[in-house]
Amino acid sequence: MTELQIRNVRFKNPVLTASGTFGYGLECPDLFDVAQLGGVVTKSISRKPRDGNPPQRIAETSSGGMLNSIGLANVGVDVFLDQKLPALLQRGATVIVNIAASSVEEYCYVLERCESHEGIAGYEINVSCPNVKDGGLSFGTNCPAVAQITRELRRRTDRFLAMKLTPNVTSIGEFARACEAEGADAVSCVNTFLGMDIDIRTRRPKIATITGGYSGPAILPMALAKVHEVRKAVKIPIIGIGGIMTAEDALKFLVVGASLVQLGTVLFVDPMAATTVVKGIEDYMTENGFKAINDLIGSLDVTMQPSLVAAGWS
Ligand SMILES: Cc1cc2nc3c(=O)[nH]c(=O)nc-3n(C[C@H](O)[C@H](O)[C@H](O)COP(=O)(O)O)c2cc1C
């Protein structure tokens, strides 16, 4: 009922884990059967291992969100392919490898290394991390650069290719259009919002990089608005991300036009959330007579309520 296909990938259901919030999908084996998820999006993988930014790298904010500046700490593509990927595949996961890089060449290098390995369903390209000095936002906020990266990677793979967009731009629809024009299969909306928090006892920033990526329930309305904007701009599938805590939250993204959703910050609060969200979506579909997920996707009704029309507000 909830399965759908994009390019060559059959997603069992629309619920995936968001990059950086579920490690390499191997960290909590007893808690979670990764084969039951729509897919696992890995931590961003770069060419060389990265230590990331200095601590403090995470802070919870009073506004119902979380600020992070992990800085793309990861094991590097060689260790990932040799050790992490086989273990993840053995568990039956649909694996989407998230790639981060500081140059177009590095994106291509990491993708080409992955191409020689069986079993990877596709890629999500992180052009939008706000927490790295080189690359990161400077790519994500530069539309020609995003277009070029998409073009170069598309030429190198027939696998599923999603571009992960930053919300920290004036017109996210323009970026999505560039990705669509260059052959991306999907766009992931959104990465974290640029944020800051201050400890007033010390009058110091709560995280060492001063500003960082803001995620969690507080960003949901902003993320939904971005997905709505992108839905109007492109025809390719959207992966909705941002502040999803419950099945109801996930359903909002599907209704506004996302085909898949990713759960991020919620996994720190409730590692079992994905299972609950999958079940909640299925229950909703049954209760509301939806036979296929595609009927639910983009079913947003923006017409005026009949009672208001009758009252002359049309
Ligand atoms: C601790 C942390 C680490 C993250 N690391 C990555 C990453 O390596 N690559 C990436 O593309 N996004 C990364 N993200 C962004 C998430 O994948 C997601 O886009 C964002 O958190 C918004 O979703 P959420 O509100 O459900 O958390 C990270 C987010 C958090 C909270």
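Because the structure is predicted, anything quoted here is derived from the model rather than measured.

Asker: So what's going on with the overall build of the protein? Residues and values would help.
Answerer: The helix and strand inventory of the protein stands at eleven helices and 16 strands. Here the protein has a C-alpha radius of gyration of 19 Å; the compact-globule value for 314 residues is 20 Å, and the two agree. Overall size of the protein, expressed as C-alpha extent along the three principal axes, is 60 × 50 × 45 Å. For the protein, the residues scored as buried account for 56% of the 314 residues in total. Partitioning the contacts of the protein with sequence separation of at least 6, the portion at a separation of at least 24 is 70%. Looking at the protein as shown, the accessible area adds up to about 13800 Å², and 52% of this sits on carbon and sulfur atoms.

Asker: Tell me about the packing of helix H6 (residues 220-233) against helix H7 (residues 247-256), and please be specific about residues and values.
Answerer: Where H6 meets H7, the axes come as close as 9 Å, and the angle between the chain directions of the two elements is 20°. Judged by the angle between their axes, H6 and H7 are roughly parallel. Pair H6 / H7 crosses with right-handed handedness. For the pair H6 and H7, the contacting residues are Leu220, Ala223, Leu224, Val227, His228 and Arg231 in the first and Asp249, Lys252, Phe253 and Val256 in the second. Looking at side-chain class alone, the contact of H6 with H7 contains six nonpolar, one polar and three charged residues.

Asker: Please provide a residue-by-residue account of the packing of aromatic side chains, values included.
Answerer: Across all of its chains, the model carries four aromatic pairs by this definition. Here the aromatic rings of Tyr24 and Phe80 are separated by 6.2 Å at their centres, their planes lie at 40°, and the arrangement is tilted. You can see Tyr24 sitting in the loop between strand S3 (15-17) and strand S4 (39-41) and its partner Phe80 sitting in helix H1 (residues 77-90), a full 56 residues away along the chain. Of the two residues examined, Tyr24 and Phe80, each falls in the buried class. The lysine or arginine in question, Arg47, covers the ring of Tyr109, its NZ or CZ lying 3.7 Å from the ring centre.

Asker: Mind laying out the site of the ligand, listing which residues take part and the relevant values?
Answerer: As a structural note, the neighbourhood of the ligand is formed by 25 residues, with Ser19, Ser44, Lys164, Gly243 and Thr265 the closest of them. Within the contact set of the ligand, an oxygen atom lies 2.7 Å away from a backbone nitrogen or oxygen of Gly243. Summarising the interface, the protein chains cover 97% of the accessible area of the ligand, which totals 610 Å² for the free molecule.

Asker: Which residues make up the sheet that holds strand S5 (residues 58-61), and what values do they have?
Answerer: The strand order S5-S6-S14-S11 describes an open sheet built from four strands, whose pairing is antiparallel. Unpaired on one side and paired on the other, S5 and strand S11 (193-196) mark the two borders of the sheet. Strand after strand, the sheet turns through a mean of 40° between neighbouring axes, direction not considered.

Asker: Lay out the sheet that holds S3 with the relevant residues and their values.
Answerer: One closed barrel accounts for eight strands, arranged S3-S4-S7-S8-S9-S10-S15-S16; its pairing is parallel. Between one strand axis and the next, the sheet turns through 25° on average, direction left out of account. The sheet contact formed by strand S7 (residues 95-99) and strand S8 (residues 120-126) spans five bridges and is parallel. Counterpart to Ile96 in the pairing with S8 is Gly122. Sheet strands in contact with helix H5 (residues 172-181) are strand S9 (160-165) and strand S10 (186-189), and its direction is about 160° off that of S9. Sitting on the sheet, H7 is in contact with strand S15 (238-241) and strand S16 (260-263), with an inclination near 145° to S16.

Asker: Got a sec to walk through the state of the cysteines? Specific residues and values, please.
Answerer: Applying the stated criterion across every chain, the model contains zero disulfides. Just so you know, Cys108 is unpaired, no disulfide at all, and the nearest cysteine sulfur is the one on Cys114, 12 Å from it. Owing to a relative accessible area of 6%, Cys108 belongs among the buried residues under this scheme. For Cys179, which is in no disulfide, the shortest distance to another cysteine sulfur is to Cys143 and amounts to 7.4 Å.

Asker: Report on the pairing of S15, specifying residues and quantitative values.
Answerer: Residues Ile238 and Gly240 point to one face of S15 and Ile239 and Ile241 to the other, with burial holding for every one of them. Across three bridges, the pairing between S10 and S15 is parallel. Looking at the pairing, Ser188 lines up with Ile239 of S15. Where S15 meets S16, three bridges bridge the pair, whose relative direction is parallel. Bridge pairing in S16 links Ile241 to Gln262.

Criteria and thresholds
Residues numbered from 1 in each chain as written. Predicted model: local features only at pLDDT ≥ 70, side-chain atom pairs only at ≥ 80, totals over all residues. Heavy atoms only, no water. Helix = DSSP H or I, 4+ residues; strand = E, 2+ residues; numbered from the N terminus. Rg over C-alpha atoms; globule rule 2.2 N^0.38 Å. Buried < 20%, exposed > 50% of the residue type's maximum accessible area, 1.4 Å probe, protein only. Contact = heavy atoms within 4.5 Å. Areas by Shrake-Rupley, 256 points an atom, 1.4 Å probe, with all protein chains shown as cover. Axes fitted to C-alpha atoms, helices over the stretch in contact; angles between N-to-C directions. Parallel < 35°, antiparallel > 145°, perpendicular 65-115°, else oblique. Left-handed = near helix turned anticlockwise from the far one by under 90°. Nonpolar A, V, L, I, M, F, W, Y, C, P; charged D, E, K, R; others polar. Phe/Tyr/Trp six-rings, centres within 6.5 Å; stacked < 30°, edge-to-face > 60°. Lys NZ or Arg CZ within 6 Å of the ring centre and 35° of its normal. Near = heavy atom within 4 Å. Polar contact = N/O pair within 3.5 Å; in protein donor to acceptor, adjacent residues only side chain to side chain. Pairing = 2+ DSSP bridges. Disulfide = S-S within 2.5 Å.

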